Amino acid sequence: MEEIMKNQDWIEKDAQCMMQTYGRFPIAIDHGQGALLYDVEGREYVDFTSGIGVNSLGYGNWQWASAVGAQALRLAHVSNLFYSQPYIDLAAELCSRSGMSAAFFANGGGEANEGMIKLARKYSFDKYGHGRSTIITLNNSFHGRTVTTLAATGQAVFHQYFFPFTEGFRYADANDIDSVSEAAGDDVCAVMLELVQGEGGVYPMEQEFVHQLAVLCAERDWLLLVDEVQTGVGRTGTLFAYQQYGVLPDVVSFAKGIGGGLPLGGILSNEKCRGVLGPGMHATTFGGNPVSCAGGLSVLHQLNDAVLEEVKIKGELIRDFIQGLHSPYVASVRGLGLMIGIQIRGADHKALARQMIDGGLLVLTAGQDTIRLLPPLTITKDEIMRGLAIMQNVLCP
Ligand SMILES: *Cc1c(COP(=O)(O)O)cnc(C)c1O
């Protein structure tokens with residue numbers, strides 16, 4: 001007879017064979033459908049996390065799964081020494097819907113940002129030579145876990161243990177153009193930012209700040225690098241968040257939501273920068289993997305204008321509901337589209353998140369005091385209301 005595994009069994013097995021690098025919740029997820037997840041003991045959860053903004057189409061999406069399955073049978077991988085249809089179709093679709101000019105595919109967000117950083121430094125090197133390689137990033141940002149993207153991340157807690165970090169990053173305050181000007185210098189080649197800071201606590205940039213930044217970049221020939229690893233691929237209600245800010249970046253990175261659950265990321269460059277990285281200057285073995293790209297193309301096809309409009313409406317519904325609770329714990333509700341932060345006061349945000357999870361609603365945390373919601377973009381109103389009812393029980397005890 002087959003042994004029936006419980007959550008606790010998996011916790012014990014994990015402890016035996018895994019480096020303990022993650023603070024996991026004591027739940028082993030088995031499968032999902034729509035925006036609902038089920039653990040190995042059959043308990044149901046409403047999912048307001050989509051991985052961490054990854055499962056943009058939720059779980060069990062038939063169209064996506066058949067596109068991925070068909071591609072896996074046809075051709076699972078081919079090296080970048082050859083052409084293949086899936087990455088070309090995906091790049092064409094991304095360019096036509098973003099206003100950008102050319103793509104490079106990587107496998108995740110940190111790696112995509114590495115490519116963006118390399119491109120910016122090479123652009124400046126080609127034009128100005130050595131000594132102009134510093135990138136200004138923002139305090140409270142998050143750009144990844146590689147040694148270089150940790151350095152790019154404007155949070156001191158990430159600048160520990162792994163010395164020496166990559167040189168060439170300077171930090172300025174978000175929504176403060178004077179602070180960016182103070183960080184300026186002859187050594188600067190680019191500014192890199194998230195339009196809604198995600199891991200840092202769901203802090204949207206102000207329109208005026210982003211416009212001022214774009215002007216400053218144009219004046220000084222700095223590249224405007226936008227990290228849309230979390231905000232991209234429909235999360236904020238447009239394919240990319242910059243489309244709501246009226247600016248076109250020089251380079252934009254994306255990852256989390258693009259593969260619909262498969263590892264995929266990359267960068268898009270504008271016309272000016274598309275030729276900066278030439279043959280042999282940047283590469284990755286798995287980049288543009290056919291199966292991941294087939295998944296990505298299905299995600300883009302399903303995120304049509306009507307679905308993106310729904311993302312905005314559903315985001316407003318959630319924000320209005322939480323604001324309307326008059327909870328003693330809610331200090332503010334921030335966000336854009338289905339990227340939502342609930343700033344908590346008078347209680348530990350992690351303890352409240354844990355109560356929600358115990359109650360059957362999966363949520364994330366971010367920053368010092370914020371509960372973060374990143375539901376699947378295809379979540380239904382019924383699933384939203386079920387999740388919000390659980391949240392209400394915790395926020396209004
Ligand atoms: C998650 C995230 C990253 C890192 O992506 P990985 O795929 O974990 O390497 C970088 N930038 C932002 C804004 C992110 O949210």
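Residues numbered from 1 in each chain as written. Predicted model: local features only at pLDDT ≥ 70, side-chain atom pairs only at ≥ 80, totals over all residues. Heavy atoms only, no water.

1. A look at the domain arrangement of the chain
Interfaces are often described in size by the accessible area the parts lose on coming together. Taken domain by domain, the chain comprises domain 1 (7–56 + 305–395) and domain 2 (63–302). Here the C-alpha centroids of domain 1 and domain 2 sit 26 Å apart. Domain 1 puts 27 residues into the contact, and the matching count from domain 2 is 27 residues. With both chains or domains summed, domain 1 and domain 2 bury close to 2100 Å², and 58% of this area falls on carbon and sulfur atoms. Of all residues in domain 1, the largest losses of buried area upon contact with domain 2 belong to Leu308, Leu336 and Met339, amounting jointly to 31% of the total for that side. Scanning the region where domain 1 abuts domain 2 turns up one salt bridge. (Domains from an automatic or database assignment. Contact = heavy atoms within 4.5 Å. Buried area = accessible area lost by both parts, 1.4 Å probe. Salt bridge = Lys/Arg side-chain N within 4 Å of Asp/Glu carboxyl O.)

2. A word on the site of the ligand
Every residue near the ligand is listed here: Gly108, Gly109, Gly110, Asn113, Phe142, His143, Gly144, Glu194, Asp227, Val229, Gln230 and Lys256. In the model, a nitrogen atom of the ligand is placed 2.8 Å from a nitrogen or oxygen of the Asp227 side chain. Lys256 is positioned with one of its side-chain polar atoms (N or O) 2.6 Å from an oxygen atom of the ligand. In the complex, the protein chains occlude 78% of the 380 Å² of accessible area that the ligand would expose alone. Top element by residues in the shell around the ligand is helix α5 (residues 109–128). It accounts for three residues. Its residues placed into classes, the shell around the ligand shows two nonpolar, seven polar and three charged. (Near = heavy atom within 4 Å. Polar contact = N/O pair within 3.5 Å; in protein donor to acceptor, adjacent residues only side chain to side chain. Areas by Shrake-Rupley, 256 points an atom, 1.4 Å probe, with all protein chains shown as cover. Helix = DSSP H or I, 4+ residues; strand = E, 2+ residues; numbered from the N terminus. Nonpolar A, V, L, I, M, F, W, Y, C, P; charged D, E, K, R; others polar.)

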